Amino acid sequence: MIAIFLKRFFSTQHFYYLYFFFVHLLLFFPGASCIIPEASQESILQSFKSYSDVAMFHFNVPKEILRATWQFAAFMDGPNCPQRKVHIHLRWGSYPVLSVDNMTFPTNMYPLNNDTLVISTDTFFEPKTMAVIPVYGPQAGDWFVAAYLSHWDKKVQQQGLVHKCHYSIGSVALWVGANNIENIPVGYQTTLKTKETSSYYKIYVPSGISTLRVYIWGCNFTVHSFRNVYKPCIKNIALQGRVLPIYNNTPSSNIGNLTMLDSYTFTISSPYEDSYYYLLIISDSIIEFNIKVSISECPIKLIEKEFIKQYLDVSSITEKVTQISAKNLKEQQIYNFLNHNINSSIDLIDLYKNQFYVQKENSNEENKCFPRYQLVRVKHSQVFSSSYLLQGREWLTPWLVLMDSYPIIIQFNILPLVDIGGTLEINIHLEMYETMTKQLIVVAVCVQKGHAPNILENKIVCEDKKLFMNLSSLSKHDESILIPYPQPDTWYISLQATCYINDHPVNCEMEEILVLLNIHTRQCVFSGNNSCGYHGICQEIHRNLLVYTACDCFEGYKGWGCTDVISTNSGNFAVITTLMLTLSNGFFIPAIYLAIKRELYTEGLIYLSTMLSSAFYHACDQRTTNYCITKFEVLQYCDFFSSILAFWVTLVAMAGLPIRFVSLCHMLGVLLITFEVQSDRTSLISILMPLTIGIIIPVGTYLYRSYYLKSWKKPNRLSKLLIGLLLAGVGLLLFSLVETEANYQYVHSAWHMVIAISLIFLLPPARTEQLNNSDIDSSTEDSELLNYKDYPESPVFTVINR
């Protein structure tokens, strides 16, 4: 079945290698369930200039997986294509945050990419190697793969001129899952019996839990010959949240040997909530053991309206703080009364069920239940634009009251796919004035994903120092953290207020400290209209069902927020580039003047249109200060159309056709060029088709007249004709073979100038001048090839012998 599945997505040359690898995985996990492959079709690879060039894959890993393996093969479509380096980033939950060429992030931005796996490979015309990323005990849910090529200076080529190399990448993901895992009930003593050398069990931890304890004791061999009190009964134990622990792969959770007389207790403060914890038992034989799981509850609270409403008028905060001191003392007495009688009065608990509480001071530190509040997600109309507010019974507010007696924990949810494509900003503001108190007030803030930070002795223990903030009443009233592409989970923010006098902690004079929580998601990086600063634009990128935003930098800037300066003269360089591409079209003015002087008004009009269309198009095509008089697509179409039409009308004029056939050829060219440019304006066929037909007109005219006169006569103005053709050929070579992304502004400006100058030499003389020359030469047998005297009974090209 697997073989049939893989052949649908990969050629025969790839198939046998992958099939061999699958068989190897089956042997690696003999007790595991079947492999379930997930294949993704190939995606085009681009060199990295911005995040929009990245090829993105999305996988969904099932629950209870022992090992997930990703395989990647990079291809090029020609054996002569240069080999390129491919960079692959794999991340759980959200899109990988890339730092290409040592790009930096804004000062207050912290990319959570420590769990991003990175691997590199090369492109091949025929597969020789596979890039493999194994992940043991992967987290279930969404996984994202970002792949891109190292940057190089690409040639700007017309499609179809030469073979343009294309690069692609194919991916396959497969997983090995554990067999049916037995569930351990909470709150009851249970006797379990192992079935294999490695046995897995799972424990469900609901929401609102502060502590998880797992007691294991009474291990016993089921085979009598092995019953030795000093012999290791359990070889190893591991407990891990959300993912399956792997023996010798989770050292932080592995425990040593346990004999029949030993016992062990796992105590986890602030566990993952609404999640499974997985227990791994390693034993050399079939054993039985006793286990009991206990939890300590800490429910989420609502803020009472009476408790916070008086703080909503921030302008009068000084008076408000003084007024609530007496009220807070009364409330504190109620809290102490509740804690003292919490087991004996259910009705009283219901009466004050929305007030938070802290257990008695003489109780175990791990059993303390600190106030926790759930933030409400308010979705805005713009994509990746949500705010998070504190919830009361009838209102929402961003204000929170802190006390120095205990920390406060708030939590909010980042949703998968919906919220992960932007930036999470957490801004904390301490509302404090110097006249309020002479004490130094410090507010410690810790941000953590997945589970709440541990609190020891009423102090917050933050796992990641980069997600820790300190606010001060004397200096720093505001702190913020930016997290790009946040992973979907429950996020926790713990806040603790402490007062100091002479660097010594004391009880706060202000028993209530007001803090403003500004928590929201947004596109790209910065707030406001310029979300990528003044040197970039925010792109909304769509990859099938995936949507995310990223900055596209210009003016010589790079970085995640376009804050890295590559060139100090980038602004001037951008202006010079724009001027070169637009003003170089001024070389069409001599050709326009010459066409009008020679009474070739149609040709002059087309040259004028070409000059203006090209200038407006290049002014709008700049990534910096672009000036667009209309839509970019309209300007691009006009530029391509008028450029090709200028060649066409010049070729028609060189043919010297009778008047009645000139308008016919002009309209034929308009219809043909309109169709070709609209079909594919960047294709070589769109240029070659009209030019080939256009060249046939003067060449065919010359051959017909030479045949009619029975002699081959050298065309007039041969030297000018050769110079014009030479210049046009040089221009075409510059346009098709020399242009690259790095030299585009120079080469393309030269192309404008060379083509415009070539028109001066290719334009024929005025029609009256040709007729006068024809009359002078008519006395000879060799009459002029171009004769505009036309008679009704004459053939297409009239020749008169006198």
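Each remark here, short or long, concerns the structure printed above.
Residues numbered from 1 in each chain as written. Predicted model: local features only at pLDDT ≥ 70, side-chain atom pairs only at ≥ 80, totals over all residues. Heavy atoms only, no water.

A.B. asks: Can you walk me through the sheet that holds strand E11 (residues 198-205) in this structure?
C.D. replies: Pairing between sheet strands relies on hydrogen bonds along the backbone, with the strands arranged either parallel or antiparallel. Taken in spatial order, the four strands line up as E9-E11-E15-E13 in an open sheet, and their pairing is mixed. Of all strands in the sheet, those bounded by a partner on one side alone are strand E9 (182-183) and strand E13 (236-241). Note that E9 and E11 share two bridges and pair parallel. Among the inter-strand pairings, asparagine 183 is bridged to a residue of E11, identified as lysine 202. (Pairing = 2+ DSSP bridges. Helix = DSSP H or I, 4+ residues; strand = E, 2+ residues; numbered from the N terminus.)

A.B. asks: What is the right way to look at the sheet that holds strand E12 (residues 209-221) in this model?
C.D. replies: The four strands lie next to each other as E10-E16-E12-E14, forming an open sheet whose pairing is antiparallel. The open sheet has two free edges, formed respectively by strand E10 (189-193) and strand E14 (264-269), since each of these has just one partner strand. On average, each strand axis in the sheet is inclined to that of its neighbour by 20 degrees, with strand direction left out of account. (Axes fitted to C-alpha atoms, helices over the stretch in contact; angles between N-to-C directions.)

A.B. asks: When you look at helix H13 (residues 744-762) in this model, what are you seeing that I'm missing?
C.D. replies: Each α-helix winds once per 3.6 residues, and so residues spaced three or four apart point in a common direction. The terminal C-alpha atoms of H13, which comprises 19 residues, lie 26 Å apart, in line with the 27 Å expected from a rise of 1.5 Å per residue. Along H13, the residues classified as buried are Gln745, Val747, His748, Ser749, Trp751, His752, Val754, Ile755, Ala756, Ser758, Leu759 and Leu762. (Expected span 1.5 Å × (residues − 1). Buried < 20%, exposed > 50% of the residue type's maximum accessible area, 1.4 Å probe, protein only.)

A.B. asks: It is not clear to me how the packing of aromatic side chains should be interpreted in this structure. Could you clarify?
C.D. replies: When we look at a pair of aromatic rings, we describe it by the centre distance and by the angle of the planes. Scanning the model with the defined rule gives 22 aromatic pairs in all. Seen from their ring centres, tyrosine 51 and tyrosine 548 are 5.5 Å apart, and the 75 degrees between their planes marks the pair as edge-to-face. Residue tyrosine 51 is found in the loop between strand E1 (35-45) and strand E2 (55-61), and its partner tyrosine 548 is found in strand E33 (residues 546-553); the two are separated by 497 residues along the sequence. Each of the two residues, tyrosine 51 as well as tyrosine 548, counts as buried. (Phe/Tyr/Trp six-rings, centres within 6.5 Å; stacked < 30°, edge-to-face > 60°.)

A.B. asks: Teacher, can you tell me more about the packing of helix H7 (residues 588-597) against helix H8 (residues 601-620) here?
C.D. replies: Between two packed helices, what matters for the description is the angle formed by their axes and the separation of those axes. Following both chains from N to C, one finds H7 and H8 inclined at 160 degrees, their axes separated by 8 Å at the closest point. Taken together, the axes of H7 and H8 are roughly antiparallel relative to one another. Where H7 crosses over H8, the two elements pack in a sense that is left-handed. Where H7 approaches H8, its residues Phe588, Ile589, Ala591, Ile592, Ala595 and Ile596 are matched on the opposing element by Tyr601, Glu603, Gly604, Tyr607, Leu608, Thr610 and Met611. Across the contact of H7 with H8, the residue classes break down as ten nonpolar, two polar and one charged. (Parallel < 35°, antiparallel > 145°, perpendicular 65-115°, else oblique. Left-handed = near helix turned anticlockwise from the far one by under 90°. Contact = heavy atoms within 4.5 Å. Nonpolar A, V, L, I, M, F, W, Y, C, P; charged D, E, K, R; others polar.)

A.B. asks: I keep staring at helix H9 (residues 632-655) and nothing clicks. Help me out?
C.D. replies: For H9, spanning 24 residues, the distance from its first C-alpha to its last is 35 Å, which sits close to the expected 34 Å at 1.5 Å a residue. A positive phi of about 60 degrees marks glycine 656, the residue just after H9.

A.B. asks: I'm lost on the pattern of salt bridges in this one. Help?
C.D. replies: Side chains that differ in sign of charge can pair as their charged atoms come close. By the definition in use, this model includes eight salt bridges. With a closest N to O distance of 2.5 Å, aspartate 489 and arginine 242 form a salt bridge. Residue aspartate 489 is located in strand E28 (residues 489-501), and its partner arginine 242 is located in the loop between E13 and E14; the two are separated by 247 residues in the primary sequence. Between lysine 476 and glutamate 479 there is a salt bridge whose closest N-O contact spans 2.9 Å. With relative accessibility at 38%, the residue lysine 476 sits in the partly exposed group. (Salt bridge = Lys/Arg side-chain N within 4 Å of Asp/Glu carboxyl O.)

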